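Observations on the model geometry
Listed here are the chains, written in short residue letters.
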Amino acid sequence: MSVIDLRGVSCPTNFVKAKLALELLDPGEVVEFLLDDGEPVKNVPRSLKAEGHRLLELKEEEGFYRLRIEKGEEIP
């Protein structure tokens, strides 16, 4: 499982980078994103879920959040 560090990346760039990373995966694969508190941790999980991906875990660490996502099925 890969870990993508999006700390210090502002909205909406962090969502765009997360979306691009998910495009490289096959449906069912899991990836972790490291996100800052505030807008990133509110917006990125919600936006990825709205795109059909599955939120597996959102865990607060020291000064950031760890978001684990399973890639959803491709929409034809």
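Computed from a predicted model, the values in this text were never measured in an experiment.

**Details of the packing of aromatic side chains**
Scanning the entire structure with this criterion turns up 0 aromatic pairs. In this structure, Arg7 is placed above the aromatic ring of Phe64, and the distance from its NZ or CZ to the ring centre is 4.5 Å.

**So, the environment of Phe15**
Turning to its location among the elements, Phe15 is positioned in helix H1 (residues 13–23). Excluding residues within four positions of it along the chain, Phe15 makes contact with Val44, Ser47, Leu48 and Glu51.

**Describing the pairing of strand S3 (residues 54–60)**
Looking at chain direction, S3 and strand S4 (residues 65–70) are connected through 6 bridges and run antiparallel. Residue pairing for S4: Leu58 is matched across the bridge by Leu67. Turn length for the S3-S4 hairpin, with the two strands adjacent in sequence and antiparallel, is 4 residues, and the turn residue Gly63 shows positive phi of about 90°.

**Topic: the nonpolar core**
A general feature of soluble globular proteins is that nonpolar side chains tend to end up buried together. Residues Leu22, Phe33, Val44, Leu48, Leu67 and Ile69 are the most contacted members of the largest nonpolar core, which totals 13 residues. Residue assignment for this core shows that the elements contributing at least two residues are H1, strand S2 (30–35), helix H2 (39–50) and S4. If you tally residues by element for this core, the top one is H1, at 4 residues. Ignoring any residue separated from it by four or fewer positions in sequence, one finds Leu67 in contact with Val31, Glu32, Phe33, Leu35, Val44, Pro45, Leu48, Leu55, Glu57 and Leu58.

**Here we look at the environment of Arg66**
Take Arg66: it is sitting in strand S4. With a relative accessible area of 22%, Arg66 lands in the partly exposed category. In this structure the C-alpha to C-alpha distance between Arg66 and Phe15, which are 51 residues apart in sequence, comes to 14 Å. What Arg66 contacts, discounting residues up to four positions off in sequence, is Val3, Glu32, Phe33, Leu34, Glu57, Leu58, Lys59 and Glu61. In this structure the side chain of Arg66 is engaged in a polar contact, spanning 2.8 Å, whose partner is the side chain of Glu32.

So, how was this worked out
- Residues numbered from 1 in each chain as written.
- Predicted model: local features only at pLDDT ≥ 70, side-chain atom pairs only at ≥ 80, totals over all residues.
- Heavy atoms only, no water.
- Phe/Tyr/Trp six-rings, centres within 6.5 Å; stacked < 30°, edge-to-face > 60°.
- Lys NZ or Arg CZ within 6 Å of the ring centre and 35° of its normal.
- Helix = DSSP H or I, 4+ residues; strand = E, 2+ residues; numbered from the N terminus.
- Contact = heavy atoms within 4.5 Å.
- Pairing = 2+ DSSP bridges.
- Core = buried A, V, L, I, M, F, W, Y, C linked by side-chain atoms within 4.5 Å.
- Buried < 20%, exposed > 50% of the residue type's maximum accessible area, 1.4 Å probe, protein only.
- Polar contact = N/O pair within 3.5 Å; in protein donor to acceptor, adjacent residues only side chain to side chain.

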